[in-house]
Amino acid sequence: MTNIFENTRASWVRYSDYEWKTTENGKDYLLPTKDAQPKPYDPMEDADNLVLAAADIGLMLFHKNPEKAIKAAMQAFACKYGLLGIMTALPTTAKFIEYEQVYFHKNQIIKTETMDTEDYISLFFPFRKPDFHKKGVESGWNTDDRMMMALIMTYQLEPQATVMSFMRDYGEQYEWLASVFRDWAFTLVTATLYEIDRERLDDMTLEIYRKGMAAFEGNTPTYHLELREHPTLVWDFHSLLLNIQLLFSMTLTDEKNPLKICHQCQRPFIAGKADAKYCSPACREQHKKEKGKK
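Residues numbered from 1 in each chain as written. Predicted model: local features only at pLDDT ≥ 70, side-chain atom pairs only at ≥ 80, totals over all residues. Heavy atoms only, no water.

(A) Quick peek at a negative patch on the surface. A cluster of like negative charges, contributed by Glu100, Asp116, Glu118 and Asp119, occupies part of the molecular surface. You can see glutamate 100 is positioned in the loop between α3 (86–89) and β6 (101–103). (Patch = residues over 30% accessible without salt bridge, like charges linked within 9 Å, V, L, I, M, F, W, Y side chains within 5 Å. Areas by Shrake-Rupley, 256 points an atom, 1.4 Å probe, with all protein chains shown as cover. Salt bridge = Lys/Arg side-chain N within 4 Å of Asp/Glu carboxyl O. Lys, Arg positive; Asp, Glu negative; His and termini not counted. Charge placed at Lys NZ, Arg CZ, Asp CG, Glu CD. Helix = DSSP H or I, 4+ residues; strand = E, 2+ residues; numbered from the N terminus.)

This is the structure in C-alpha coordinates:
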(Lines give C-alpha, C1' and ligand atoms only; values in the text may rest on other atoms or scores of the structure.)
Protein backbone atom coordinates (compact mmCIF):
# COMPACT_ATOMS: atom_id res chain seq x y z
CA MET A 1 0.00 0.00 0.00
CA THR A 2 1.30 3.48 -0.82
CA ASN A 3 1.72 6.25 1.75
CA ILE A 4 -1.89 7.23 2.50
CA PHE A 5 -0.84 10.82 3.28
CA GLU A 6 1.06 11.25 0.05
CA ASN A 7 -1.68 13.56 -1.26
CA THR A 8 -2.92 16.30 1.03
CA ARG A 9 -4.65 19.65 0.67
CA ALA A 10 -3.23 21.52 3.63
CA SER A 11 -2.80 25.11 2.47
CA TRP A 12 -3.04 27.56 5.36
CA VAL A 13 -2.76 31.32 5.90
CA ARG A 14 -0.36 33.19 8.16
CA TYR A 15 -0.16 36.95 8.68
CA SER A 16 3.04 38.96 8.85
CA ASP A 17 2.34 40.09 12.40
CA TYR A 18 0.06 39.25 15.34
CA GLU A 19 -0.77 40.93 18.64
CA TRP A 20 -2.47 40.22 21.94
CA LYS A 21 -5.62 42.18 22.70
CA THR A 22 -7.83 42.03 25.80
CA THR A 23 -11.62 42.08 25.70
CA GLU A 24 -13.78 44.05 28.13
CA ASN A 25 -14.34 40.90 30.18
CA GLY A 26 -10.59 40.27 30.50
CA LYS A 27 -10.04 37.57 27.87
CA ASP A 28 -6.74 37.73 25.97
CA TYR A 29 -6.94 37.01 22.23
CA LEU A 30 -4.20 36.56 19.66
CA LEU A 31 -5.09 37.97 16.24
CA PRO A 32 -3.46 39.69 13.23
CA THR A 33 -2.43 43.32 13.60
CA LYS A 34 -4.34 45.98 11.70
CA ASP A 35 -1.75 46.31 8.91
CA ALA A 36 -0.50 42.70 8.79
CA GLN A 37 -0.43 41.03 5.40
CA PRO A 38 -1.77 37.49 4.85
CA LYS A 39 0.20 34.86 2.96
CA PRO A 40 -0.89 31.32 2.02
CA TYR A 41 1.62 28.51 2.54
CA ASP A 42 1.80 24.73 2.82
CA PRO A 43 2.47 23.52 6.43
CA MET A 44 3.45 20.07 5.15
CA GLU A 45 6.59 21.54 3.58
CA ASP A 46 8.00 22.30 7.04
CA ALA A 47 6.30 19.50 8.97
CA ASP A 48 9.14 18.58 11.36
CA ASN A 49 9.80 22.16 12.49
CA LEU A 50 6.06 22.77 12.82
CA VAL A 51 5.73 19.83 15.22
CA LEU A 52 8.82 20.86 17.19
CA ALA A 53 7.60 24.45 17.56
CA ALA A 54 4.22 23.25 18.84
CA ALA A 55 5.84 20.79 21.27
CA ASP A 56 8.21 23.51 22.51
CA ILE A 57 5.34 25.80 23.51
CA GLY A 58 3.53 22.89 25.10
CA LEU A 59 6.55 22.09 27.26
CA MET A 60 6.80 25.74 28.30
CA LEU A 61 3.24 25.44 29.59
CA PHE A 62 3.93 22.05 31.16
CA HIS A 63 6.94 23.47 33.05
CA LYS A 64 4.89 26.54 34.05
CA ASN A 65 7.11 29.13 32.41
CA PRO A 66 6.09 32.78 32.89
CA GLU A 67 2.93 33.66 30.97
CA LYS A 68 4.70 36.58 29.31
CA ALA A 69 7.29 34.23 27.77
CA ILE A 70 4.59 31.77 26.67
CA LYS A 71 2.56 34.52 25.00
CA ALA A 72 5.67 35.74 23.18
CA ALA A 73 6.32 32.19 21.95
CA MET A 74 2.70 31.81 20.78
CA GLN A 75 2.94 35.13 18.95
CA ALA A 76 6.17 34.08 17.21
CA PHE A 77 4.57 30.73 16.34
CA ALA A 78 1.59 32.50 14.74
CA CYS A 79 3.87 34.76 12.69
CA LYS A 80 5.57 31.68 11.27
CA TYR A 81 2.63 29.27 10.96
CA GLY A 82 -0.61 31.18 11.59
CA LEU A 83 -3.34 30.62 14.17
CA LEU A 84 -4.52 27.06 14.86
CA GLY A 85 -7.96 27.32 13.27
CA ILE A 86 -9.68 26.18 16.45
CA MET A 87 -13.08 27.29 15.13
CA THR A 88 -13.12 24.54 12.48
CA ALA A 89 -11.24 21.93 14.51
CA LEU A 90 -13.75 21.42 17.32
CA PRO A 91 -17.04 20.76 15.49
CA THR A 92 -17.89 17.36 14.07
CA THR A 93 -17.80 18.91 10.59
CA ALA A 94 -15.91 21.89 9.16
CA LYS A 95 -19.13 22.72 7.29
CA PHE A 96 -20.99 23.50 10.50
CA ILE A 97 -22.17 26.86 9.15
CA GLU A 98 -24.66 24.96 7.01
CA TYR A 99 -26.47 23.88 10.20
CA GLU A 100 -28.46 25.80 12.81
CA GLN A 101 -26.56 24.11 15.63
CA VAL A 102 -22.88 23.24 15.98
CA TYR A 103 -22.11 19.75 17.29
CA PHE A 104 -18.76 19.15 18.98
CA HIS A 105 -16.29 16.36 19.44
CA LYS A 106 -15.23 15.90 23.07
CA ASN A 107 -12.72 18.66 23.80
CA GLN A 108 -11.23 20.82 26.56
CA ILE A 109 -12.49 24.14 25.19
CA ILE A 110 -16.24 23.90 24.55
CA LYS A 111 -17.90 21.88 27.29
CA THR A 112 -21.39 21.68 25.82
CA GLU A 113 -22.33 19.16 23.16
CA THR A 114 -24.09 21.73 20.95
CA MET A 115 -24.24 25.50 20.50
CA ASP A 116 -26.12 27.95 18.31
CA THR A 117 -24.04 28.46 15.16
CA GLU A 118 -23.98 32.26 15.29
CA ASP A 119 -23.12 32.25 19.00
CA TYR A 120 -20.24 29.89 18.31
CA ILE A 121 -18.83 32.02 15.49
CA SER A 122 -19.02 35.15 17.66
CA LEU A 123 -16.58 33.57 20.15
CA PHE A 124 -13.82 33.94 17.56
CA PHE A 125 -14.56 37.54 16.59
CA PRO A 126 -14.31 39.30 19.96
CA PHE A 127 -13.66 42.86 18.74
CA ARG A 128 -15.41 43.19 15.40
CA LYS A 129 -18.11 40.81 14.25
CA PRO A 130 -18.12 39.77 10.58
CA ASP A 131 -20.94 40.93 8.33
CA PHE A 132 -22.52 37.51 8.60
CA HIS A 133 -26.14 36.66 7.88
CA LYS A 134 -27.81 33.34 8.57
CA LYS A 135 -31.39 32.18 8.20
CA GLY A 136 -31.90 28.51 8.87
CA VAL A 137 -29.35 26.60 6.82
CA GLU A 138 -28.81 29.51 4.40
CA SER A 139 -25.92 31.85 5.19
CA GLY A 140 -23.68 34.48 3.67
CA TRP A 141 -21.20 37.17 4.62
CA ASN A 142 -19.67 40.25 3.08
CA THR A 143 -16.47 42.27 3.30
CA ASP A 144 -15.24 45.49 1.70
CA ASP A 145 -11.58 44.64 2.38
CA ARG A 146 -9.95 43.86 -0.97
CA MET A 147 -7.31 41.64 0.63
CA MET A 148 -10.02 39.62 2.36
CA MET A 149 -11.92 39.32 -0.90
CA ALA A 150 -8.78 37.92 -2.52
CA LEU A 151 -8.51 35.29 0.23
CA ILE A 152 -12.17 34.36 -0.24
CA MET A 153 -11.57 33.81 -3.95
CA THR A 154 -8.39 31.82 -3.30
CA TYR A 155 -10.13 29.46 -0.87
CA GLN A 156 -13.59 29.39 -2.44
CA LEU A 157 -13.57 25.57 -2.50
CA GLU A 158 -12.90 25.36 1.25
CA PRO A 159 -15.67 25.27 3.89
CA GLN A 160 -16.99 28.74 4.66
CA ALA A 161 -15.81 28.52 8.28
CA THR A 162 -12.23 27.81 7.20
CA VAL A 163 -12.18 30.97 5.10
CA MET A 164 -13.67 32.97 7.97
CA SER A 165 -10.80 31.81 10.19
CA PHE A 166 -8.39 33.51 7.74
CA MET A 167 -10.03 36.90 8.25
CA ARG A 168 -8.17 39.73 9.94
CA ASP A 169 -10.67 40.02 12.82
CA TYR A 170 -10.57 36.32 13.67
CA GLY A 171 -8.77 35.61 16.96
CA GLU A 172 -8.06 32.76 19.37
CA GLN A 173 -8.16 33.05 23.14
CA TYR A 174 -5.01 32.45 25.18
CA GLU A 175 -6.66 29.82 27.37
CA TRP A 176 -7.81 27.87 24.31
CA LEU A 177 -4.35 27.92 22.76
CA ALA A 178 -2.76 26.96 26.08
CA SER A 179 -5.12 23.99 26.44
CA VAL A 180 -4.23 22.64 22.98
CA PHE A 181 -0.46 23.09 23.31
CA ARG A 182 -0.50 21.68 26.85
CA ASP A 183 -2.31 18.52 25.72
CA TRP A 184 0.37 17.87 23.10
CA ALA A 185 3.11 18.33 25.70
CA PHE A 186 1.37 16.01 28.17
CA THR A 187 1.30 13.27 25.54
CA LEU A 188 4.98 13.76 24.71
CA VAL A 189 6.00 13.78 28.40
CA THR A 190 3.92 10.67 29.07
CA ALA A 191 5.61 8.81 26.21
CA THR A 192 9.06 9.94 27.41
CA LEU A 193 8.55 8.94 31.04
CA TYR A 194 7.06 5.61 30.00
CA GLU A 195 10.16 4.86 27.93
CA ILE A 196 12.49 5.81 30.79
CA ASP A 197 10.61 4.07 33.61
CA ARG A 198 8.96 1.01 32.09
CA GLU A 199 11.77 -1.40 33.12
CA ARG A 200 11.59 -0.53 36.81
CA LEU A 201 7.95 0.28 37.52
CA ASP A 202 5.21 -2.10 38.64
CA ASP A 203 2.32 -3.10 36.38
CA MET A 204 -0.18 -0.82 38.09
CA THR A 205 1.95 2.29 37.53
CA LEU A 206 2.66 1.33 33.95
CA GLU A 207 -1.06 0.93 33.37
CA ILE A 208 -1.58 4.52 34.57
CA TYR A 209 0.90 5.66 31.92
CA ARG A 210 -0.97 3.68 29.27
CA LYS A 211 -4.33 5.16 30.27
CA GLY A 212 -2.83 8.64 30.17
CA MET A 213 -1.66 8.05 26.62
CA ALA A 214 -5.00 6.51 25.59
CA ALA A 215 -6.77 9.70 26.74
CA PHE A 216 -5.17 11.58 23.84
CA GLU A 217 -7.77 11.72 21.10
CA GLY A 218 -7.41 13.32 17.70
CA ASN A 219 -10.11 14.29 15.24
CA THR A 220 -9.58 12.64 11.87
CA PRO A 221 -9.19 14.96 8.87
CA THR A 222 -11.66 14.45 6.06
CA TYR A 223 -10.75 13.24 2.61
CA HIS A 224 -12.14 13.26 -0.89
CA LEU A 225 -11.45 11.42 -4.13
CA GLU A 226 -10.04 13.05 -7.25
CA LEU A 227 -9.60 11.69 -10.74
CA ARG A 228 -6.01 12.43 -11.69
CA GLU A 229 -3.96 9.88 -13.63
CA HIS A 230 -6.07 7.43 -11.62
CA PRO A 231 -8.52 7.69 -8.69
CA THR A 232 -6.61 9.45 -5.88
CA LEU A 233 -7.40 9.85 -2.19
CA VAL A 234 -6.71 13.44 -1.05
CA TRP A 235 -6.72 14.43 2.62
CA ASP A 236 -8.31 17.74 3.64
CA PHE A 237 -6.95 19.65 6.63
CA HIS A 238 -9.46 22.38 7.41
CA SER A 239 -7.46 23.63 10.41
CA LEU A 240 -3.80 23.88 11.31
CA LEU A 241 -4.67 22.25 14.64
CA LEU A 242 -5.75 18.99 12.99
CA ASN A 243 -2.72 19.11 10.73
CA ILE A 244 -0.34 19.41 13.68
CA GLN A 245 -2.23 16.83 15.71
CA LEU A 246 -1.89 14.19 13.00
CA LEU A 247 1.76 15.07 12.27
CA PHE A 248 2.48 15.01 16.02
CA SER A 249 0.94 11.56 16.43
CA MET A 250 2.76 10.18 13.40
CA THR A 251 6.11 11.61 14.53
CA LEU A 252 5.68 10.41 18.10
CA THR A 253 5.05 6.85 16.90
CA ASP A 254 7.70 6.86 14.14
CA GLU A 255 10.00 3.88 14.79
CA LYS A 256 12.95 5.35 12.89
CA ASN A 257 12.79 9.10 13.64
CA PRO A 258 10.56 9.56 16.69
CA LEU A 259 9.72 12.78 18.52
CA LYS A 260 11.49 12.83 21.90
CA ILE A 261 12.51 15.09 24.78
CA CYS A 262 16.24 15.65 25.28
CA HIS A 263 17.40 14.16 28.61
CA GLN A 264 19.68 17.16 29.14
CA CYS A 265 18.05 20.39 27.93
CA GLN A 266 14.45 19.09 28.11
CA ARG A 267 13.71 20.46 24.62
CA PRO A 268 11.81 18.44 22.00
CA PHE A 269 13.77 16.96 19.10
CA ILE A 270 13.29 14.45 16.32
CA ALA A 271 15.75 11.64 16.90
CA GLY A 272 17.81 10.03 14.18
CA LYS A 273 17.29 6.67 15.85
CA ALA A 274 14.76 5.20 18.24
CA ASP A 275 17.08 4.92 21.27
CA ALA A 276 18.54 8.46 21.07
CA LYS A 277 18.44 10.41 24.33
CA TYR A 278 20.05 13.75 23.47
CA CYS A 279 19.23 16.38 20.86
CA SER A 280 22.91 17.13 20.14
CA PRO A 281 26.47 15.99 20.97
CA ALA A 282 26.79 19.10 23.14
CA CYS A 283 23.87 18.03 25.33
CA ARG A 284 25.27 14.49 25.57
CA GLU A 285 28.66 15.78 26.72
CA GLN A 286 27.10 18.25 29.16
CA HIS A 287 25.07 15.42 30.68
CA LYS A 288 28.24 13.35 31.14
CA LYS A 289 30.00 16.27 32.85
CA GLU A 290 27.12 16.91 35.24
CA LYS A 291 26.80 13.21 36.03
CA GLY A 292 30.54 12.99 36.72
CA LYS A 293 30.36 15.79 39.29
CA LYS A 294 27.81 13.90 41.38
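(B) The arrangement of the pattern of salt bridges in detail. Per the counting criterion, the structure on display carries 6 salt bridges. For the salt bridge of lysine 71 with aspartate 28, the shortest nitrogen-to-oxygen distance reads 2.5 Å. Placement of lysine 71 in helix α2 (residues 67–81) and of aspartate 28 in strand β4 (residues 28–32) is noted, with a sequence separation of 43 residues between them. Relative accessible area serves as the criterion here: at 14%, lysine 71 is assigned to the buried category. Across the pair arginine 267 and aspartate 56 runs a salt bridge whose closest N-O atoms are separated by 2.4 Å. (Buried < 20%, exposed > 50% of the residue type's maximum accessible area, 1.4 Å probe, protein only.)

(C) Geometry of the pairing of strand β3 (residues 18–22). Both β3 and β4 contribute to a ladder of 5 bridges, which runs antiparallel. Across the sheet, residue lysine 21 finds its bridge partner in β4, namely tyrosine 29. Linking β3 back to β4 in an antiparallel pair, the connection comprises 5 residues, with glycine 26 at a positive phi of about 85°. (Pairing = 2+ DSSP bridges.)

(D) Region of interest: the packing of helix α7 (residues 174–197) against helix α9 (residues 240–252). Orientation of α7 relative to α9, taken along the N-to-C sense of each, is 5°, at an axis distance of 12 Å. As far as their axial angle goes, α9 and α7 are roughly parallel. Contact residues: α7 offers Val180, Trp184, Thr187, Leu188 and Ala191, while α9 offers Leu241, Ile244, Gln245, Phe248 and Leu252. Class assignment for the residues of the contact of α7 with α9 results in 8 nonpolar, 2 polar and no charged. (Axes fitted to C-alpha atoms, helices over the stretch in contact; angles between N-to-C directions. Parallel < 35°, antiparallel > 145°, perpendicular 65-115°, else oblique. Contact = heavy atoms within 4.5 Å. Nonpolar A, V, L, I, M, F, W, Y, C, P; charged D, E, K, R; others polar.)

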